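Structure assessment
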Amino acid sequence: MLYDYTELINKYKNDYQIKKALKEKRIYKLKPGLYSDKPKVDTLKILMHERKDAILTLQSAFYYYGLTDYIPKYIYVATPQNAYPINNSKIKQIFLKNHKLGKIKIKQNDYYICIYDLERTLIELIRY
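Keep in mind the model is a prediction, meaning the values are calculated, not measured.

1. Comments concerning a positive patch on the surface
On the surface, K52, K100, K103 and K105 cluster together to form a positively charged patch. In this structure, K105 sits in strand β7 (residues 103–108). Of the residues examined, K105 reaches a relative accessible area of 60% and is grouped as exposed.

The following block contains the structure:
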């Protein structure tokens, strides 16, 4: 499970207890302000936790729906035109005007991912 600092304060009550949990390896610091109960966490899970405006698209969505057997090198996500850039070499960000059109949430293991519905994904497959 992923936690931000405020969630850890609610759980552990103070900064000293958080540092103690880190030292005892009950939680792990992934990056500033982001923690997990596991030492390694999937990039997609981190992305979906940090960026509520990111939606899985293009090759990533094609692969998820089984429209292709090609495993994409990058995670392709759509964000609004005015969104901040994602600085991660594993992620390709596409800036779209109407990026929420066709957005759905799907449970993936223990977290939710935002992805375009099958209809929009098929339209993107034909377009690109």
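Right, picking up where we left off after that structure.
2. With respect to the sheet that holds strand β3 (residues 34–36)
Ordered in space as β1-β3-β2, the three strands form an open sheet in which the pairing is antiparallel. Across the chains shown, the open sheet's two edge strands, defined by having one partner strand only, are β1 (2–4) and β2 (28–31). For this sheet, the mean angle separating the axes of adjacent strands, direction not counted, is 35°. Across three bridges, β1 lies against β3 in antiparallel orientation. Its bridge partner being in β3, Y3 is matched across the sheet by Y35.

3. Observations concerning the side chain of S36
Relative to the elements of secondary structure, S36 occurs in strand β3. Apart from residues lying up to four places away in sequence, S36 is in contact with M1, L2, Y3, I27, Y28, L30 and V41.

The rules behind the values
Residues numbered from 1 in each chain as written. Predicted model: local features only at pLDDT ≥ 70, side-chain atom pairs only at ≥ 80, totals over all residues. Heavy atoms only, no water. Patch = residues over 30% accessible without salt bridge, like charges linked within 9 Å, V, L, I, M, F, W, Y side chains within 5 Å. Areas by Shrake-Rupley, 256 points an atom, 1.4 Å probe, with all protein chains shown as cover. Salt bridge = Lys/Arg side-chain N within 4 Å of Asp/Glu carboxyl O. Lys, Arg positive; Asp, Glu negative; His and termini not counted. Charge placed at Lys NZ, Arg CZ, Asp CG, Glu CD. Helix = DSSP H or I, 4+ residues; strand = E, 2+ residues; numbered from the N terminus. Buried < 20%, exposed > 50% of the residue type's maximum accessible area, 1.4 Å probe, protein only. Pairing = 2+ DSSP bridges. Axes fitted to C-alpha atoms, helices over the stretch in contact; angles between N-to-C directions. Contact = heavy atoms within 4.5 Å.

Function-wise, these values are silent; they only describe arrangement.
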